[in-house]
Amino acid sequence: MEDRKLGSLTVSAQGLGCMGMSEFYGQGDDAESIATIHRALDLGVTLLDTADMYGFGRNEELVGRAIADRREQVVLATKFGIVRDEHDPLKRGVRGDPDYVRDAAEASLRRLGVDHIDLYYQHRVDPSVPVEETVGAMAELVTAGKVRHLGLSEAGAETIRRAHAVHPITALQTEWSLWSRDLEDEIVPVCRELGIGVVPYSPLGRGLLTGRFKSKEDFGAGDFRQESQPRMAEGNLERNLELVAKLRELAGRKGVTAGQLALAWVQARGADVVPIPGTKRRKYLEENVAAVTLELSTEDILEVERTVPREAVAGARYPEAGLRLVGR
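Every value quoted in this text rests on a predicted model; they were computed, and no experiment measured them. (Residues numbered from 1 in each chain as written. Predicted model: local features only at pLDDT ≥ 70, side-chain atom pairs only at ≥ 80, totals over all residues. Heavy atoms only, no water.)

Assigned secondary structure in the protein consists of 11 helices and 11 strands. Relative to a compact globule of 328 residues, whose C-alpha radius of gyration would be 20 Å, the protein shows 19 Å and is just as compact. Dimensions of the protein, computed from the C-alpha atoms along their principal axes, are close to 55 × 40 × 40 Å. Buried residues in the protein amount to 59% of all 328 residues. (Helix = DSSP H or I, 4+ residues; strand = E, 2+ residues; numbered from the N terminus. Rg over C-alpha atoms; globule rule 2.2 N^0.38 Å. Buried < 20%, exposed > 50% of the residue type's maximum accessible area, 1.4 Å probe, protein only.)

Take the packing of aromatic side chains next. One pass over the full model with this rule turns up 1 aromatic pair. Look at Phe80 and Tyr120: their rings are 5.0 Å apart centre to centre, the planes differ by 35°, and that puts the pair in the tilted class. Note that Phe80 is positioned in strand 5 (residues 75-80) and Tyr120 in strand 8 (residues 117-122), a separation of 40 residues in sequence. For Phe80, a relative accessible area of 0% translates into the label buried. If you follow Arg84 out to its NZ or CZ, it ends over the ring of Phe56, 4.1 Å from the centre. (Phe/Tyr/Trp six-rings, centres within 6.5 Å; stacked < 30°, edge-to-face > 60°. Lys NZ or Arg CZ within 6 Å of the ring centre and 35° of its normal.)

Ranked by size, the top nonpolar core spans 77 residues in total, and within it Leu16, Ile37, Ile160 and Leu247 carry the most contacts. Those residues in contact with Leu247 that lie beyond four places of it in its chain are Leu178, Leu209, Ala258, Leu261, Ala262, Val304, Thr307 and Val308. Residues Val75, Tyr201, Val274 and Ile276 belong to the second largest nonpolar core, which totals 15 residues. (Core = buried A, V, L, I, M, F, W, Y, C linked by side-chain atoms within 4.5 Å. Contact = heavy atoms within 4.5 Å.)

Before going further, it helps to spend a moment on the pattern of salt bridges. Under the criterion given, the structure shown has 30 salt bridges. Linking Asp30 and Arg65 is a salt bridge whose minimum nitrogen-to-oxygen distance equals 3.2 Å. Of this pair, Asp30 sits in helix 1 (residues 30-42) while Arg65 sits in helix 2 (residues 58-67); the two residues are 35 residues apart in sequence, bridging distant segments of the chain. You can call Arg65 partly exposed: its relative accessible area is 47%. Among the salt bridges present, the one from Lys79 reaches Asp49, with a minimum N-O distance of 2.6 Å. A residue pair is termed long-range when its members are at least 10 positions apart, and Lys79 in strand 5 and Asp49 in strand 4 (residues 47-49) qualify at 30 residues. (Salt bridge = Lys/Arg side-chain N within 4 Å of Asp/Glu carboxyl O.)

So, on to the environment of Ile117. Inspection of the secondary structure puts Ile117 in strand 8. Sequence spacing of Ile117 and Ala105 is 12 residues, and the spatial spacing of their C-alpha atoms is 8.6 Å. Those residues in contact with Ile117, other than ones at most four positions away along the chain, are Leu76, Thr78, Ala105, Ser108, Leu109, Leu112, Lys146, Val147 and Arg148.

The next subject is the side chain of Arg70. As for its position among the elements, Arg70 is in the loop between helix 2 and strand 5. Exposure remark for Arg70: the relative accessible area of 19% places this residue in the buried category. Apart from residues lying up to four places away in sequence, Arg70 is in contact with His38, Leu41 and Asp42.

This next bit is on the sheet that holds strand 10 (residues 169-175). Read across the sheet, 7 strands follow the order 3-4-5-8-9-10-11 without closing on themselves; strand pairing throughout is parallel. Edge strands, defined here as strands with exactly one partner in the open sheet, are strand 3 (16-17) and strand 11 (197-201). As paired elements, strand 8 and strand 9 (residues 147-153) share 5 bridges and run parallel to each other. Residue pairing across strands places Leu119 opposite His149, the latter belonging to strand 9. Running at roughly 135° to strand 8, helix 3 (residues 98-112) makes contact with strand 5 and strand 8 of the sheet. (Pairing = 2+ DSSP bridges. Axes fitted to C-alpha atoms, helices over the stretch in contact; angles between N-to-C directions.)

A separate point is empty space enclosed by the protein. By rolling a water-sized probe across the atoms, one finds the places where empty space is left. Enumeration according to the criterion identifies 1 cavity of 30 Å³ or more in this entry. Estimates place the volume of the largest cavity at around 70 Å³. In terms of lining, the largest cavity is formed by Glu175, Trp179, Gly205, Arg206, Leu208, Gln229, Arg231, Met232, Ala316 and Arg317. Of the residues belonging to the lining of the largest cavity, the class tally is 4 nonpolar, 2 polar and 4 charged. (1 Å grid on protein atoms, 1.4 Å probe; cavity = no way out; pocket = protein on both sides within 12 Å on 5 of 7 lines; lining within 4 Å. Points joined across faces, edges and corners; volume = space filled by probe spheres on them. Nonpolar A, V, L, I, M, F, W, Y, C, P; charged D, E, K, R; others polar.)

Most of strand 8 sits inside the fold, with 6 of its 6 residues counted as buried. In this structure, strand 5 lies alongside strand 8, joined through 4 bridges in parallel fashion. Pairing of Phe80 across the sheet is with Gln122, part of strand 8. In this fold, the crossover linking strand 8 to strand 9 by way of helix 4 (residues 131-143) has right-handed handedness. (Right-handed = clockwise from strand over helix to strand, strands pointing away.)

What follows is the structure, encoded as structure tokens:
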């Protein structure tokens, strides 16, 4: 596993998204999830990604248990800022006021069982609080030694500039895959101008680009993709699966899986790009990690992009309520 740089932070070329181990993607299995995290570390993955809102804190607790005796191997990333209601799990709010930043960090440290967070993201920008105030409070955590590096998630270009002027931003986490590419126009250039790394989440299109799913029923009970994802809605899903079928055919000709080809495409966006595909099973982890060694030529990249054109995907990446929380 080669290393890459997110700003001044060195991490593995591919990270592991831990969200689905505790919520959103059907029933979890803590023992298998912990085994998956351990296997990731054994394979050279160092960047582990979680957030305080995943499973209402349970995901941080799970990750904390998994790394309790392996802390030195891990670049630990977590996030704050999305506020949820246990009585209405689909309800979302955003907070970025300084008091909340401090309280959220202390709570994450307790759940994770660590004395510092390596990379602390603002999960969504709070439109009611100037980002300078939020990042100022985050910077105080760095001064106190509780956080090492700062990040933003789903922030717009101007917000990134304003935040970076207060304290260096190490990484921007945002959705980036073959069919989520709008950030390439403005967001990525700003990050590169400022020396900020990019951490793509959902680089496999919430699993759809792996080719493993043929219908909504394949997602299983308790999987949020069945109900709330526009790209999986009736009509859109069928059109998107046609694109996946073409990607699978191309991948087969190259002797890899569709997921590996899609991941390799994201990884080829630049040496400052570190995707964090999520999985809760070792077999899928190993398939994802194998994509790190898949090198694509310029012609390979063009062929992938002709197979899955940028504007061909059907449906938005979030329902309307979710899009309102995205800073661009």
